[in-house]
Every structure is written in C-alpha cells, then in structure tokens.
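Take a look at the letters that make up each chain.
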Amino acid sequence: MKKLIFAIITLGVLIGLTWFVSDLMNAKMIDYAFFVGLIVTIVIRFFTRSGGFASNSVNLSTQSQTGMKVTGTEGPIAVTQKSFSFLVSLSFTIISLLTTVVYYWTEF
C-alpha cells in the first residue's frame, strides 16, 4: 500500500510539473515530458539514501564523529537497492522518451 501511495504521488508530481512547464512554454506536454522526467529522476537519485549527495554526507559525518567506517548494507543488494519513487520516475522517463519518439516519427 505504501508503494502504491508513493507511485501515485510521484506520478502526480511528474505529470503536474510536465503540465506546468508545457503551459508556461505554450507547448504540448509531450514536448517536455522526457526532460521533466529526466530532471526529476536525477534529483531523486541524487538526494535519496541509496546513493548520491545525502548518503555520502551522512556517512562521512558519522565516520568523522565516531572514527568507524560506515558501510551500510553489504553485498550486492546495496548496489541494486533503489527507492520506489526513483523506479517510478525512471519508468516515466523511459516511457515518455519512447512515446515522444513514436509521436514525432509518425508526424514526419
């Protein structure tokens, strides 16, 4: 249930931002869907606990205060763990890219 709520919120933010940008630029939503999805995906990846700026700064702060190296989850699971919002945003980006390519391919 929690993942469904995060998926709905993430898709709402993505669609809302896409609509806002396209309305601001007086263009179609399909023109900006990929770029908005890409930016949101990068921001989510950068600021989540599974990697990026937030986890590195917390780990370095903890390491400097305690003198112990913070490794987090060990093994191959640590590399593959991603937040659900990141996966939804990445899916939106890929689908919007494919939709944009198909849309403009049929226009020509």
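As shown above, the structure is provided for reference.
Trainee: How do you make sense of the packing of helix α2 (residues 29–46) against helix α5 (residues 84–107) when you look at a structure like this?
Mentor: Helix-helix packing is characterised by the crossing angle of the two axes and by the distance between the axes. With their axes 8 Å apart at the nearest point, α2 and α5 run at an angle of 155° to one another. Viewed along their axes, α2 and α5 adopt a mutual orientation that is roughly antiparallel. In terms of crossing hand, the pair formed by α2 and α5 is left-handed. Here Ile-30, Asp-31, Ala-33, Phe-34, Gly-37, Leu-38, Val-40, Thr-41, Ile-44 and Arg-45 of α2 come into contact with α5, specifically with Ser-85, Phe-86, Ser-89, Leu-90, Phe-92, Thr-93, Ser-96, Leu-97, Thr-99, Thr-100, Tyr-103 and Tyr-104.

Trainee: Explanation requested: the nonpolar core in the structure shown.
Mentor: The tendency in soluble globular proteins is for nonpolar side chains to be buried side by side. Leu-14, Ala-33, Val-36, Val-40, Ile-44, Phe-86 and Phe-92 form the largest nonpolar core, which has seven residues in total. Secondary-structure elements contributing two or more residues to this core are α2 and α5. No other element matches α2, which puts four residues into this core. In contact with Val-40, not counting residues within four places along its chain, are Leu-14, Leu-17 and Ser-89.

Rules used throughout
- Residues numbered from 1 in each chain as written.
- Predicted model: local features only at pLDDT ≥ 70, side-chain atom pairs only at ≥ 80, totals over all residues.
- Heavy atoms only, no water.
- Axes fitted to C-alpha atoms, helices over the stretch in contact; angles between N-to-C directions.
- Helix = DSSP H or I, 4+ residues; strand = E, 2+ residues; numbered from the N terminus.
- Parallel < 35°, antiparallel > 145°, perpendicular 65-115°, else oblique.
- Left-handed = near helix turned anticlockwise from the far one by under 90°.
- Contact = heavy atoms within 4.5 Å.
- Core = buried A, V, L, I, M, F, W, Y, C linked by side-chain atoms within 4.5 Å.
- Buried < 20%, exposed > 50% of the residue type's maximum accessible area, 1.4 Å probe, protein only.

Read these as geometric descriptors, not functional statements.
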